[in-house]
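Residues per chain, in single letters:
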There are 2 protein chains.
Amino acid sequence: MAAPLCGSSFAQTARRQCLHHLKQHLSIWPWRCQRPTYCASAQSRAGSASDIKHSAELIDVNPVRGTRDFAPEEYRIRRWLFDEFEAVSRLFGFEQFETPMLESEDLFVRKAGEEITQQLYNFEDKGQRRVALRPELTPSLARLILRKGKALPMPVKWFTVGQCWRYERTTRGRRREHFQWNMDVVGVPGVEAEVELLTAIAMLLQRLGLGPADVAIKVSSRKVLQALLAKYQVPEASFGPVCIVVDKLDKLPAAQVREELGQLQVSPEAIDGILRLTELTSLEEVTALLGSDNEALAELSRLFELAEASGISEFLEFDPSIVRGLAYYTGIVFEGQDRGQQFRALFGGGRYDGLLGTFGGEAQPCAGFGFGDCVILELLQDRGLVPAMPRQVDDFVVAMDASLHGAASSVAQRLRAHGRTVDLALESRKMKWVFKQSERVGAKRLVLVAPDEWAQGKVRVKDLAAREEKDVSLDDLTA
Amino acid sequence: MAAPLCGSSFAQTARRQCLHHLKQHLSIWPWRCQRPTYCASAQSRAGSASDIKHSAELIDVNPVRGTRDFAPEEYRIRRWLFDEFEAVSRLFGFEQFETPMLESEDLFVRKAGEEITQQLYNFEDKGQRRVALRPELTPSLARLILRKGKALPMPVKWFTVGQCWRYERTTRGRRREHFQWNMDVVGVPGVEAEVELLTAIAMLLQRLGLGPADVAIKVSSRKVLQALLAKYQVPEASFGPVCIVVDKLDKLPAAQVREELGQLQVSPEAIDGILRLTELTSLEEVTALLGSDNEALAELSRLFELAEASGISEFLEFDPSIVRGLAYYTGIVFEGQDRGQQFRALFGGGRYDGLLGTFGGEAQPCAGFGFGDCVILELLQDRGLVPAMPRQVDDFVVAMDASLHGAASSVAQRLRAHGRTVDLALESRKMKWVFKQSERVGAKRLVLVAPDEWAQGKVRVKDLAAREEKDVSLDDLTA
């Protein structure tokens, strides 16, 4: 059975697990959990760490609140997912990079009211520098692009998979870290970049077993909203903050969104216009509202046309309510969600042509996305799409007595030199344990080094699937 | 040319690089640099970040002081090394795990005077919890083992590759992070565990091209020193702190070590005994000093005997001056160094049977090692053993005009579906750029989607190594 990485299979697994195990799972909730039952359980964790202590002196064995341990059974699932992220990125010719998890706080401080900057996991280091555990990967990419300077030929196609952090004070049981897969294209002004990114996402989803019936990729352009705001003479400086508020439409009551937009000096007529816009469902309706002489519409049309050629259009849906919650997006924006809308967004991205400029560098057209590790695993587990990944080795090599351990070690080395994965028993134990352990480690063969056979240059080999046993010479062992 | 990950090839590369590039390399020094020239250069970095700014408003494009960016050319080298760490661990049947980089400070606070705990990268989070960026991986492994509790069958063979941090106030230009490969065996009391770990290290070294002529693995047991201290009636409680001081013998003048030992209430006679012990070079001499009825000597003899059988004895050297600088080691200790002693220790490890007990858990015999990413890369680069790892893709697919981009995208998708890595050009550019770019991305083939050929269901394919060009039907393209 595959171990649950995130919370979704909690209900099923909890019944089969003792309380001790159950508590071990309480800290591996999604970054933000949509399902109230799970959140409630997670919240009840507060103060419960002590009751799994074995004695008064035992340290707190849980990871820091809001973080996850990945024991081997959980690590295998994460690794499988990350391998898919990497495989798809490589098929698209993207190069992997990595920046430090710790960055200067400046890199993330923006004044647009984003949740991400309000929940920064920041602190002062011992040299009185303001630093932060990064909340997202894009600003670090931008920093590295600027650092490389003119020596870096455009376009850049880079990807990374890294951990991101947030510090969220008020509620308990919510996760403070998650991992994100990012792919970014720098130096390409056209929607060909966005289509390439969306095609990579679609390939990832399909490799994981998810098709257009499972996941919708909702696409819009901030330029649509921008054109609307221009129509109502809303000042350009308000654009970023307005986007952040509009992004909350699916989380907050309309009245509150109206109030927040009003605080940004958006007129009641403009607010009506915004709310009407977000309810439209086709490019034709938007054309009717804004006119056809519109950059946003031309780009969106081109995007849908290219998506058709790339074979991904069944995943795509035009949805003008999509604006995304990051201040730096300037054009196409998109996000992925399961069709049943049971889970939170799987990924989000878009064009951010202004970011390098706001960092004081030479402007470059940029597009990219972030794809989290947690919601996708919830969805995959819900659909039974996480494969069983038991522990496995080719051979379990065992000396029948301590005097033969050196011999067993030489046999293990011979097998490894031929590329076989080998668990070597490091203690003399009874045969009952040996058989049990060969099952536990998932061995295909049990290789016994016993006195009589060894004297003849042979070992006893048991094929554990076929349940066949025979004596094999060392040469034949690796043949 | 392989890009330098650490400082060792600095001298060669610096001459070929402009000042801009040179400054980019100044932050990627080893954790602690042994070579004064490099350290001097690194130190001169202080305050220089600002002069690579392109304008007054440019953010500091360098990573946080003491940390490294891994641009793709550096990431490829790191990835190659980490893939070797992982491949060897898997050949030995070890399972991968991961714990958070952020841990409770308590996990690392020990009172034995270790450098590692004095340089903790710790801070208070917004919930007034004392936390730290981990300085090493072993305490987190121990925590996770205790968290798993009795449900975890012994022995455990786990490995991890993770980033470790230190905050070091006084000197400049020294690195504050590095990565470590750790392998640990929990639940095995005999030296079979240590030999298995040493055999894995030897295999790693050999896969990287380093043999016993390049690297020495120096081995001793803390029980040797313990037996000597018992002979001089030094109290048992002093054992840990005495080890920490003795470990400084290769870094501090003997007089200072004498003084520090004196402060630990070790008698002058005992100090003389310790210093004499550390100068011995054979088990026979130690037997002469301590007598043959000695657990340490029995274990060491067994270790060298098993090492012979495993084929790794040429790497090993008995050296009673090896005690290692961590308080928790209890038995066998070892460290690896290049034979020329040009570089710092490559790795270190040993037995720590007491750690789980000091955390309040059930005691378990444990042995493990940490192997850093930096010194090994310095050594490999010094020996010319880092392979060239240029950027590479199978195909570079280009549309001859914008109207064919959709077609080019469909061709790219067809190739990727057959497992080929494909860089798709996202802009229409001149042929001169196309050829240059196909070289930059390291393409094996250039696939041109041009109007006439496409009308016939064909594309133009240029084999860039053979410099042959022909029209190919879509079916033949992936055949």
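Treat the numbers as computed from the prediction; the structure is a model and nothing was measured. (Residues numbered from 1 in each chain as written. Chains lettered and ligands numbered in written order. Predicted model: local features only at pLDDT ≥ 70, side-chain atom pairs only at ≥ 80, totals over all residues. Heavy atoms only, no water.)

### Here we look at the overall build of chain A
- Regarding its fold elements, chain A presents 19 helices and 16 strands.
- Total accessible area on chain A is roughly 18,500 Å²; 49% of this is exposed by carbon and sulfur atoms. (Helix = DSSP H or I, 4+ residues; strand = E, 2+ residues; numbered from the N terminus. Areas by Shrake-Rupley, 256 points an atom, 1.4 Å probe, with all protein chains shown as cover.)

### Considerations on the sheet that holds strand S4 (residues 130–133) of chain B
All names here are of chain B.
- Spatially, the three strands line up as an open sheet ordered S2-S4-S3, and their pairing is antiparallel. Strands with a single pairing partner mark the edges of an open sheet, and in this sheet they are strand S2 (102–104) and strand S3 (121–124). Pairs of neighbouring strands in the sheet enclose a mean axial angle of 35 degrees, with direction left out of account.
- Two elements, S3 and S4, share four bridges in a ladder whose sense is antiparallel. The residue of S4 that forms the bridge with Phe123 is Val131. (Pairing = 2+ DSSP bridges. Axes fitted to C-alpha atoms, helices over the stretch in contact; angles between N-to-C directions.)

### Section: a positive patch on the surface
- The grouping of Lys430, Lys432, Lys436 and Arg440 of chain A at the surface amounts to a positive patch.
- Of note, Lys436 of chain A is situated in helix H17 (residues 431–440). (Patch = residues over 30% accessible without salt bridge, like charges linked within 9 Å, V, L, I, M, F, W, Y side chains within 5 Å. Salt bridge = Lys/Arg side-chain N within 4 Å of Asp/Glu carboxyl O. Lys, Arg positive; Asp, Glu negative; His and termini not counted. Charge placed at Lys NZ, Arg CZ, Asp CG, Glu CD.)

### Considerations on unusual backbone geometry
- Put simply, Met154 of chain A and Pro155 of chain A share a cis peptide bond, and its omega is 0 degrees.
- Position of Pro155 of chain A among the secondary structure elements: in the loop between helix H6 (138–148) and strand S5 (156–165).
- A positive phi angle, close to 55 degrees, is found at Gln233 of chain A, a residue other than glycine.
- Tracing the backbone shows Gln233 of chain A in the loop between helix H8 (222–231) and helix H9 (239–246).
- Residue classification places Gln233 of chain A among the exposed residues on the basis of a relative accessible area of 67%.
- With a phi close to 70 degrees, Arg324 of chain B is a non-glycine residue in the positive phi region.
- With respect to the secondary-structure elements, Arg324 of chain B resides in the loop between strand S8 (316–318) and strand S9 (332–338).
- Overall, the relative accessible area of 18% leaves Arg324 of chain B in the buried class. (Buried < 20%, exposed > 50% of the residue type's maximum accessible area, 1.4 Å probe, protein only.)

### Focus on the interface of chain B and chain A
- Counting residues at the interface gives 106 residues for chain B and 106 residues for chain A.
- Between chain B and chain A, the buried area comes to about 8,900 Å², and carbon and sulfur atoms account for 54% of it.
- The three residues of chain B that bury the most area against chain A are Lys126, Arg147 and Leu426 of chain B, which together make up 10% of that side's buried surface.
- At the surface where chain B touches chain A, the tally comes to 18 salt bridges.
- Here Arg78 of chain A ties to Glu98 of chain B by a salt bridge, and the two come within 3.0 Å at their closest N and O atoms.
- For the pair chain B and chain A, the number of links is 46 residue pairs in polar contact (both at pLDDT 80 or more).
- Of all the elements, helix H4 (residues 72–91) of chain B adds the most residues to the side of chain B that touches chain A, at nine residues.
- Of the residues belonging to the side of chain B that touches chain A, the class tally is 45 nonpolar, 29 polar and 32 charged. (Contact = heavy atoms within 4.5 Å. Buried area = accessible area lost by both parts, 1.4 Å probe. Polar contact = N/O pair within 3.5 Å; in protein donor to acceptor, adjacent residues only side chain to side chain. Nonpolar A, V, L, I, M, F, W, Y, C, P; charged D, E, K, R; others polar.)

### Concerning the side chain of Asp395 of chain B
All names here are of chain B.
- The residue Asp395 is located in strand S12 (residues 393–399) in this model.
- Residue classification places Asp395 among the buried positions, given a relative accessible area of 0%.
- A distance of 2.6 Å separates the side chain of Asp395 from the side chain of Arg420, its partner in a polar contact.
- Aside from chain neighbours lying at most four places away, what touches Asp395 is Leu415, Arg420, Thr421, Val422, Asp423, Ala443, Arg445 and Val447.

### A look at the UniProt feature "binding site: L-histidine" (unreviewed entry) in chain A
All names here are of chain A.
- This chain's UniProt record puts "binding site: L-histidine" (unreviewed entry) on Glu136, Leu137, Thr138, Arg166, Gln180, Asp184, Arg324, Tyr328 and Tyr329.
- Among the residues examined, Thr138 registers a relative accessible area of 8% and is labelled buried.
- Among all residues touching Thr138, those that are not within four sequence positions of it are Asn182, Asp184, Tyr328, Tyr352 and Leu355.
- Mapped onto the secondary structure, Gln180 falls in strand S6 (residues 177–186).
- Not counting chain neighbours up to four residues away, the residues in contact with Gln180 comprise Leu137, Thr160, Val161, Gly162, Cys164, Gly370, Phe371 and Gly372. (UniProt positions renumbered as here; feature names shortened; annotations may be inferred.)

### Remarks on the packing of aromatic side chains
- This model, assessed by the stated rule, comprises 29 aromatic pairs over all chains.
- When the centroid spacing of 5.3 Å and the interplanar angle of 35 degrees are considered together, the rings of Phe97 of chain A and Trp158 of chain A count as tilted. Here Trp158 of chain A lies in strand S5 and Phe97 of chain A lies in the loop between strand S1 (95–96) and strand S2 (102–104), a separation of 61 residues in the sequence.
- Residue classification places Trp158 of chain A among the buried positions, given a relative accessible area of 2%.
- With centroids separated by 6.1 Å and ring planes inclined at 70 degrees, the aromatic side chains of Phe70 of chain B and Phe179 of chain B adopt a geometry described as edge-to-face. Of this pair, Phe70 of chain B sits in the loop between helix H3 (36–43) and H4 while Phe179 of chain B sits in strand S6 (residues 177–186), and the two are 109 residues apart along the sequence. The two residues Phe70 of chain B and Phe179 of chain B agree in class, both being buried.
- Clustering of aromatic rings is evident, with ring pairs tying together Phe70, Phe82, Phe85, Phe179, Trp181, Phe347, Phe369 and Phe371 of chain A. (Phe/Tyr/Trp six-rings, centres within 6.5 Å; stacked < 30°, edge-to-face > 60°.)

### Thoughts on the pattern of salt bridges
- Scanning all chains against the criterion turns up 82 salt bridges over all chains.
- Taking the shortest distance from any N to any O, the salt bridge between Arg339 of chain A and Glu317 of chain A comes out at 2.8 Å. Residue Arg339 of chain A is located in the loop between strand S9 (332–338) and strand S10 (347–351), and its partner Glu317 of chain A is located in strand S8 (residues 316–318); the two are separated by 22 residues in the primary sequence.
- Glu317 of chain A gets classed as partly exposed once you look at its relative accessible area, which sits at 30%.
- The partner of Glu260 of chain B in a salt bridge is Lys248 of chain B, and the shortest N-O contact between them spans 3.1 Å. Taken as a pair, Glu260 of chain B in helix H10 (residues 254–263) and Lys248 of chain B in the loop between helix H9 (239–246) and H10 lie far apart in primary sequence, twelve residues in all.
- Through salt bridges with shared partners, a single network forms among Arg76, Arg391 and Asp423 of chain A together with Glu95 and Lys157 of chain B.

### Digging into the sheet that holds strand S14 (residues 443–449) of chain B
Residue and element names in this part refer to chain B.
- Read across the open sheet, the five strands follow the order S13-S12-S14-S15-S16; overall the sheet is mixed. Each edge of the open sheet carries a strand with a single partner, namely strand S13 (422–424) and strand S16 (468–473). Each strand of the sheet is rotated relative to its neighbour by a mean of 25 degrees, with strand direction disregarded.
- Taken together, the three bridges between S12 and S13 define a ladder with parallel strand orientation. Within S13, the position partnered with Asp395 by the bridge is Val422.

### Some remarks on the environment of Gln163 of chain B
All names here are of chain B.
- Along the chain, the position of Gln163 falls in strand S5 (residues 156–165).
- For the pair formed by Gln163 and Gly419, sequence separation is 256 residues and the distance between their alpha carbons is 32 Å.
- Filtering out sequence-adjacent residues up to four positions away, Gln163 remains in contact with Met101, Arg134, Glu177, His178 and Phe179.

### Some words on the domain arrangement of chain A
- Domain parsing of chain A yields domain 1 (10–55), domain 2 (72–382) and domain 3 (393–477).
- Here domain 2 of chain A and domain 3 of chain A have C-alpha centroids that lie 53 Å from each other. (Domains from an automatic or database assignment.)

### Section: the pairing of strand S14 (residues 443–449) of chain A
Residue and element names in this part refer to chain A.
- With six of its seven residues buried, S14 lies for the most part within the structure.
- Two elements, strand S12 (residues 393–399) and S14, share six bridges in a ladder whose sense is parallel. Along S14, the bridge assignment pairs Val398 with Leu448.
- The pairing of S14 with strand S15 (residues 458–463) spans four bridges and is antiparallel. Residue Leu448 lies in a different strand from S15, and its bridge partner there is Arg460.

### Focus: helix H17 (residues 431–440) of chain B
All names here are of chain B.
- Those residues of H17 that sit buried are Trp433, Val434, Gln437 and Ser438. Along the long axis of H17, the arc covered by the buried residues comes to 135 degrees, so they all point the same way. Counted as exposed and oriented over 90 degrees from the buried face of H17: Lys432, Lys436 and Glu439. (Arc of directions from axis to C-beta.)

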